[in-house]
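# Inside the fold
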Amino acid sequence: MAEFIDRWGTTIVDETFATFQMVTISLFFSILIGLPLGVLLVISRTGDKRNIWLYRVLNVIINTIRSVPFIILLFALLPFTRLIVGTSIGVRGVIIPLVIYTAPYLARLIESSLLEVDQGVIEAYQAMGIKPLSIIWHVMIREAKPSIILGITIAVIGLIGATAMAGLVGAGGLGDLAYRFGHVRYQPDVMYVTIVILIIIIQAIQSFGNILSQKAKKD
Amino acid sequence: MIELRNITKEFHTGKNTVIKALDDVSLTVSKGEIYGVIGYSGAGKSTLVRMANLLEVPTSGSVIIDGEDLVTLSKEQLRQKRQNIGMIFQGFNLLKTLTVYQNIAIPLKLTGVSEAEIKVRVKKYLDIVGLSDKTDVYPNQLSGGQKQRVAIARALSHEPDILLSDEATSALDPDTTDQILALLLKINRELGITILLITHEMHVIQQICDRVAVMENGKIIEQGLVVDLYTDPKHETTKRFVSSIFPSQTPGAIIEDLRKDGPILDLTFVGEVAEKPSLSTISNLFHIETNILSGNIVELKDQTFGKLRAHVKGNTEETTKAIDYLTTHGVIVREVRSHG
């Protein structure tokens with residue numbers, strides 16, 4: 001046991017940190033893109049000034065991106081990544097593919113959360129003469145918050161799964177550790193420990209998301 | 001104050017199917033009155049009330065509020081105008097994630113009211129609706145009636161001249177309905193707010209409305225003072241609504257049988273007449289006996305209104321005298337000749 005910790009302790013801590021880094025940075029950008037995109041999907045589909053063509057275009061783009069397996073996306077985006085961040089390897093190199101993979105997914109989750117908001121409440125605010133942007137922020141997003149939080153939780157867990165493939169461009173992370181040492185080099189102890197850590201992290205994230213969502217519900 | 005002029009509204013439900021929700025409807029609500037629109041579901045009344053703040057845009061026609069046609073206003077002007085038109089709904093439409101206080105305060109803030117003024121107004125209008133002790137409670141902890149009170153306070157807090165009510169009491173039990181109606185009447189009397197409401201319950205019209213329009217198939221089929229409609233409904237649907245308050249089903253066979261001994265009369269009493277013992281007076285004055293078959297007396301907004309169906313037993317001479325007596329004393333008499 002002590003020997004295992006001596007041998008692998010630092011690596012596991014480092015890789016956990018790498019996973020954490022990849023997830024938080026790409027989550028931040030995914031929300032930044034996914035939230036407005038989700039809103040746009042909803043208002044172009046159901047809003048007052050609905051624009052069905054905008055909706056159709058966004059719909060096709062999102063479906064296309066979501067059809068591509070992450071591993072393909074990762075390589076397909078190599079030149080683009082290099083252009084934007086200057087490198088296509090390491091944690092920095094994997095952020096753009098992760099964001100492009102997660103943001104449309106998150107947009108879909110947010111779209112369905114927003115669609116659940118009672119149309120009557122939106123109407124009540126329109127009847128009070130309140131500006132559309134205020135309605136989006138103070139009514140739609142606010143009322144959908146418990147559901148959006150659950151959506152983000154799902155997206156985070158998806159992100160963690162995707163980071164396992166990030167090892168292919170040398171970004172490291174827990175998934176990569178389990179694969180490289182546990183599977184390829186046949187060191188099952190490393191694999192099991194890593195998987196247990198991942199299970200704990202995912203359980204924790206899901207519980208945390210559930211609690212936050214419940215709190216936001218206010219009932 | 002509110003004038004809907006030749007409003008037509010069509011909905012396109014499919015490629016070639018058009019539904020006419022409103023068909024050349026005109027309606028005028030005067031300042032300070034409570035105007036009710038009644039109709040069965042699908043009659044177009046909900047579309048009608050939503051015209052008054054342009055939540056529903058007419059296919060043709062004008063919506064004139066205080067001399068301004070809403071259809072011609074810019075988006076910004078319409079928003080300003082809407083702040084002067086409150087609205088309450090069947091489903092209350094409160095934000096679940098906000099407290100009672102926030103539910104009233106946030107819309108005020110979003111329309112540019114100052115923090116200090118918001119505090120004053122929330123307190124004032126929660127007092128008026130009788131919920132001052134619920135400021136920090138979330139809507140899910142309130143009953144339906146309380147939620148509607150919060151919605152009313154929210155609407156009033158913008159200090160509108162007009163309040164639109166879209167089936168505001170339809171989701172409430174009878175007791176709560178009466179409380180909300182009493183509150184609307186109080187708002188109308190004390191704050192001078194003009195109210196346009198729609199409902200499918202005659203009870204609502206009876207209790208608080210000055211005037212009423214009856215709708216069917218996207219058209220107004222009858223409109224006028226509530227008391228006139230009660231006294232002399234013309235259209236079949238109106239008759240049905242009035243008889244929902246005054247059920248007078250006497251089996252045809254009984255009518256035939258009783259008529260051999262004297263006429264069956266439908267008596268309508270409006271105002272003070274309703275409070276006088278007219279039937280016992282005629283029994284004393286003339287050589288007849290009276291027997292009440294069915295009847296009801298209700299309180300309209302400003303007066304009492306009663307309908308009785310009675311059998312008058314006696315010879316033709318005496319019953320004719322009795323009918324004359326009733327007529328000269330302000331009772332509207334109609335003889336029932338067949339069942340119905």
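Residues numbered from 1 in each chain as written. Chains lettered and ligands numbered in written order. Predicted model: local features only at pLDDT ≥ 70, side-chain atom pairs only at ≥ 80, totals over all residues. Heavy atoms only, no water.

Looking up chain B in an unreviewed UniProt entry gives the name Methionine import ATP-binding protein MetN 1, with the organism given as Halolactibacillus alkaliphilus. UniProt lists a comment for chain B under the heading Sequence similarities (unreviewed entry), and it reads "Belongs to the ABC transporter superfamily." (UniProt positions renumbered as here; feature names shortened; annotations may be inferred.)

As named in an unreviewed UniProt entry, chain A is ABC transporter permease, taken from Halolactibacillus alkaliphilus. For the record of chain A, the UniProt heading Sequence similarities (unreviewed entry) holds the text "Belongs to the binding-protein-dependent transport system permease family. CysTW subfamily." Under the UniProt heading Subcellular location (unreviewed entry), the entry covering chain A gives this text: "Cell membrane".

### Some details on the packing of helix 7 (residues 132-163) of chain A against helix 9 (residues 188-217) of chain A
Relative placement of two packed helices is described by the angle separating their axes and the distance separating the axes. Residues and elements named next belong to chain A. Close contact between helix 7 and helix 9 brings their axes to 8 Å; oriented N to C, the two are set at 170°. Taken together, the axis directions place helix 7 and helix 9 in an arrangement best described as roughly antiparallel. Contact with helix 7, carried on its side by Lys145, Pro146, Ile149, Leu150, Thr153, Val156, Ile157 and Ile160, involves Leu198, Ile201, Ile202, Ile205, Gln206, Gly209, Asn210, Leu212, Ser213, Ala216 and Lys217 of helix 9 and no other residues of that element. (Axes fitted to C-alpha atoms, helices over the stretch in contact; angles between N-to-C directions. Helix = DSSP H or I, 4+ residues; strand = E, 2+ residues; numbered from the N terminus. Parallel < 35°, antiparallel > 145°, perpendicular 65-115°, else oblique. Contact = heavy atoms within 4.5 Å.)

### Examining the packing of aromatic side chains
Considering all chains together, one arrives at five aromatic pairs over all chains under this definition. With a centroid separation of 5.2 Å and 80° between ring planes, the pair formed by A:Phe28 and A:Phe29 is classed as edge-to-face. A:Phe28 sits in the partly exposed class, given a relative accessible area of 49%. When the ring of B:Tyr40 is compared with that of B:Phe241, the centres are 4.5 Å apart and the planes differ by 20°; the resulting orientation is stacked. On the criterion of sequence distance, the pair formed by B:Tyr40 in the loop between strand 3 (34-39) and helix 1 (45-51) and B:Phe241 in helix 9 (residues 236-245) is long-range, its members being 201 residues apart. Over the ring of A:Trp53 we find A:Arg56, and its NZ or CZ is 4.9 Å from the ring centre. (Phe/Tyr/Trp six-rings, centres within 6.5 Å; stacked < 30°, edge-to-face > 60°. Buried < 20%, exposed > 50% of the residue type's maximum accessible area, 1.4 Å probe, protein only. Lys NZ or Arg CZ within 6 Å of the ring centre and 35° of its normal.)

### So, the interface of chain A and chain B
On the chain B side, the residues contacting the 23 residues of chain A number 26 residues. Buried surface at the junction of chain A and chain B, both sides included, amounts to about 2,200 Å², of which 58% is carbon and sulfur. Joining chain A to chain B, the criterion identifies one salt bridge. Scanning the region where chain A abuts chain B turns up seven residue pairs in polar contact (both at pLDDT 80 or more). If you list the elements that add at least two residues to the side of chain A that touches chain B, you get helix 6 (119-127), helix 7 and helix 9 of chain A. (Buried area = accessible area lost by both parts, 1.4 Å probe. Salt bridge = Lys/Arg side-chain N within 4 Å of Asp/Glu carboxyl O. Polar contact = N/O pair within 3.5 Å; in protein donor to acceptor, adjacent residues only side chain to side chain.)

### Some words on the confidence of the model for chain B
Summing up the model confidence of chain B, the mean pLDDT is 91 and the portion of residues at 70 or higher is 99%. Model confidence for the complex: the whole-complex pTM is 0.85, and ipTM, which rates the interface, is 0.86. (pLDDT = per-residue confidence, 0-100.)

### A short note on the pattern of salt bridges
Think of it this way: side chains of opposite charge can pair up when their charged atoms draw near. Residues and elements named next belong to chain B. Taken as a whole, this structure holds 23 salt bridges over all chains when the rule is applied. When the shortest N-O distance is used, the salt bridge between arginine 79 and glutamate 76 registers 2.6 Å. A residue pair is termed a helical-turn pair when its members lie 3 or 4 positions apart in one helix, as arginine 79 and glutamate 76 do in helix 2 (residues 75-82) at three residues. When the shortest N-O distance is used, the salt bridge between aspartate 210 and lysine 301 registers 2.9 Å.

### Overview of the sheet that holds strand 10 (residues 219-225) of chain B
All names here are of chain B. With respect to topology, six strands assemble into an open sheet ordered 6-7-8-3-9-10, the strand pairing being mixed. The open sheet has two edge strands with one neighbour each: strand 6 (85-89) and strand 10. Neighbouring strand axes in the sheet, compared pairwise and without regard to direction, differ in orientation by 15° on average. Pairing of strand 6 with strand 7 (residues 162-166) involves five bridges; the strand directions are parallel. (Pairing = 2+ DSSP bridges.)

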